[in-house]
Amino acid sequence: MGAVQLRAGVHYPRSAGEFQSWFATDADCLDYLDWLRWPEGFICPRCGHAGGWPVADGRYKCSSCGGRTSVTAGTLFDRRRTPLTVWFTACWMFATGKDGVSALSLQRALEIGSYPTAWAMLHRLRSVLVRPGRERLTGMVEVDETFIGGEEAGLRGGRARGKKVLTGIAVEVTPPRGMGRCRMAPLADASAKSLHAFVTDHVEPGATVITDAWQGYRGLDKLGYLHDRRSQRAAQACGDDPGELLPAVHRIASLIKRWLLGTHQGSVELAHLPSYINEFAFRFNRRRSRSRGLVFYRVLELAIAHDPVRYRDLVVNPQPKTTPPTPPGKRGNPPSMDRPRAARPWQTTDLG
Ligand SMILES: [Zn+2]
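Residues numbered from 1 in each chain as written. Predicted model: local features only at pLDDT ≥ 70, side-chain atom pairs only at ≥ 80, totals over all residues. Heavy atoms only, no water.

Caption draft 1: Region of the structure containing the coordination of the zinc ion. For the zinc ion, the full set of protein donor atoms is C44 (SG), C47 (SG), C62 (SG) and C65 (SG), at a range of 2.3 Å. Within one chain, the residues serving as donors to the zinc ion are arranged as C-x2-C-x14-C-x2-C. (Donors = N, O, S within 2.8 Å, 3.2 Å for Na, K, Ca; no water.)

So, in structure tokens, the structure goes:
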């Protein structure tokens, strides 16, 4: 869908009111997902054939192999019992909230029966946020590593950290104090091997990489980067604040720590920290997006292109379910494929 010029009020809702009027029923949501998944018309996921027709059960029948496929089959929403209207509202809150939404707030807002259901929905949404092959950072990039997840700032080295994860942070900087995009990822340790891999994964060769004097960053110049090493001792000698050698990464680190303590009240399990880090970076990199509705669109676009995520892949130590799953009968109305499509605002424009 790269060529489509997306327009507010046409391709994505401008406001919460517009969101509510567009997506009042599961059928509305299904139509929107249909458009997101197959903007040029149905393509059979089994045989790749383009072309088919809607059948009575709400699925498409391939005109080549005859296989039947629902709009949500093979996507994040595959076989989910939660109504799509609830999913869409969760996605709206997740995408449009300045700081996202906690599982507890979501459970209360949507009157979802159980906390684990709300928790799993948010984790499923988080799991779609990283796309392989996305562009690396360019220009001037500050890189540092810090422990995230604990209450105290960590130290470098291999000591046991309990509830902290060593996290690499890279952020584009534009003088004097501007910041561009950021990338973050968990690191095994602060060795040259780990740090070099982090930099090559997230920063485009040719960029200027600004680090402190830690030995783990030595050798970046041999990997195709201009390396600007800043030493604390030199800063102190000049009378500069040694804590301000890398102001942008330190700003990011304090923002994410505050977000984990604020929105999520610090209730983030160590094993899930990487997905929270992804969510933070996703939102940070869209902080100047001209519309929050566009962010909502992006999340859904990723979700409909994402494989299903099983509950047992979300939980680290699967526990017996404490509450029964929602009965299938609550799923809502089946979509009506023969409804007049022009009634949907996102289908009225030429998508060429
Ligand atoms: Zn087919």
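So that's the structure; there's more coming.
Caption draft 2: Representation of the sheet that holds strand 3 (residues 68-69) in the model. Read from one edge to the other, the open sheet built from 3 strands follows the order 1-2-3, with strand pairing classed as antiparallel. Among the strands making up the open sheet, the edge pair consists of strand 1 (52-54) and strand 3. Taken together, the 2 bridges between strand 2 (residues 60-62) and strand 3 define a ladder with antiparallel strand orientation. Bridging from a neighbouring strand, K61 pairs with R68 of strand 3. (Pairing = 2+ DSSP bridges. Helix = DSSP H or I, 4+ residues; strand = E, 2+ residues; numbered from the N terminus.)

Caption draft 3: Local environment of helix 9 (residues 273-285). If you check helix 9, its first and last C-alpha atoms are 18 Å apart, about what 13 residues at 1.5 Å a residue would give, namely 18 Å. Most of helix 9 sits out of view: 10 of its 13 residues are buried. All of the buried residues in helix 9 are L273, S275, Y276, I277, E279, F280, A281, F282, R283 and F284. (Expected span 1.5 Å × (residues − 1). Buried < 20%, exposed > 50% of the residue type's maximum accessible area, 1.4 Å probe, protein only.)

Caption draft 4: Quick look at the packing of aromatic side chains. Per the counting criterion, the structure on display carries 19 aromatic pairs. Ring plane angle 75° and centroid distance 4.9 Å describe the contact between W38 and F42, whose orientation is recorded as edge-to-face. Judged by centre distance (5.4 Å) and plane angle (90°), the rings of W38 and Y60 are edge-to-face. Of this pair, W38 sits in the loop between helix 2 (26-37) and strand 1 while Y60 sits in strand 2; the two residues are 22 residues apart in sequence, bridging distant segments of the chain. Relative accessible area serves as the criterion here: at 7%, W38 is assigned to the buried category. Among the residues examined, Y60 registers a relative accessible area of 8% and is labelled buried. Put simply, the rings of F19, W22, F23, Y32, W35, F88, W92, F296 and Y297 touch in pairs and so form one group of aromatic residues. (Phe/Tyr/Trp six-rings, centres within 6.5 Å; stacked < 30°, edge-to-face > 60°.)

Caption draft 5: Quick look at the nonpolar core. Membership of the largest hydrophobic core comes to 80 residues, with the highest contact counts inside it found for Y32, L33, F88, M184, I252, F296 and L300. If sequence neighbours within four positions are ignored, L300 has contacts with Y32, L33, L36, F77, F88 and C91. Core analysis: the second largest hydrophobic core is formed by 18 residues, L166, A190, V203 and L220 among them. (Core = buried A, V, L, I, M, F, W, Y, C linked by side-chain atoms within 4.5 Å. Contact = heavy atoms within 4.5 Å.)

Caption draft 6: Structural context of the environment of H306. Tracing the chain through its elements places H306 in the loop between helix 10 (292-304) and helix 11 (311-314). In this structure H306 comes out as partly exposed when scored by relative accessible area, which is 22%. Separated by 178 residues in sequence, H306 and V128 have C-alpha atoms that sit 6.3 Å apart.

Caption draft 7: Region of the structure containing the packing of helix 5 (residues 115-127) against helix 9. The contact between helix 5 and helix 9 brings their axes to 9 Å, and the two run at 65°. Viewed along their axes, helix 5 and helix 9 form a crossing whose handedness is left-handed. Packed against helix 5, whose contacting residues are W119, H123 and R126, the element helix 9 presents S275, Y276 and E279 at the interface. Its residues assigned to classes, the contact of helix 5 with helix 9 comprises 2 nonpolar, 2 polar and 2 charged. (Axes fitted to C-alpha atoms, helices over the stretch in contact; angles between N-to-C directions. Left-handed = near helix turned anticlockwise from the far one by under 90°. Nonpolar A, V, L, I, M, F, W, Y, C, P; charged D, E, K, R; others polar.)

Caption draft 8: Structural detail: the pattern of salt bridges. This structure, assessed with the given rule, holds 10 salt bridges. Residue K98 is joined to D99 by a salt bridge in which the shortest nitrogen-to-oxygen separation is 3.8 Å. Salt-bridge contacts for E279 lead to R126; the nearest nitrogen and oxygen are separated by 2.5 Å. Of this pair, E279 sits in helix 9 while R126 is found in helix 5, placing the two residues 153 residues apart along the sequence. Accessibility assignment for this pair places E279 and R126 in one class, buried. One network of salt bridges, in which partners are shared, links R126, E279 and R283. (Salt bridge = Lys/Arg side-chain N within 4 Å of Asp/Glu carboxyl O.)

Caption draft 9: Structural view of the pairing of strand 7 (residues 208-212). Of all 5 residues that make up strand 7, 4 are buried, and the element is covered over most of its length. Where strand 4 (residues 140-148) and strand 7 come together, 3 bridges link them in parallel fashion. What sits directly across from E142, in strand 7, is I210. Pairing analysis gives 5 bridges linking strand 7 to strand 8 (residues 226-230), with the strands arranged parallel. Bridge assignment links V209 to a residue of strand 8, and that residue is H227.

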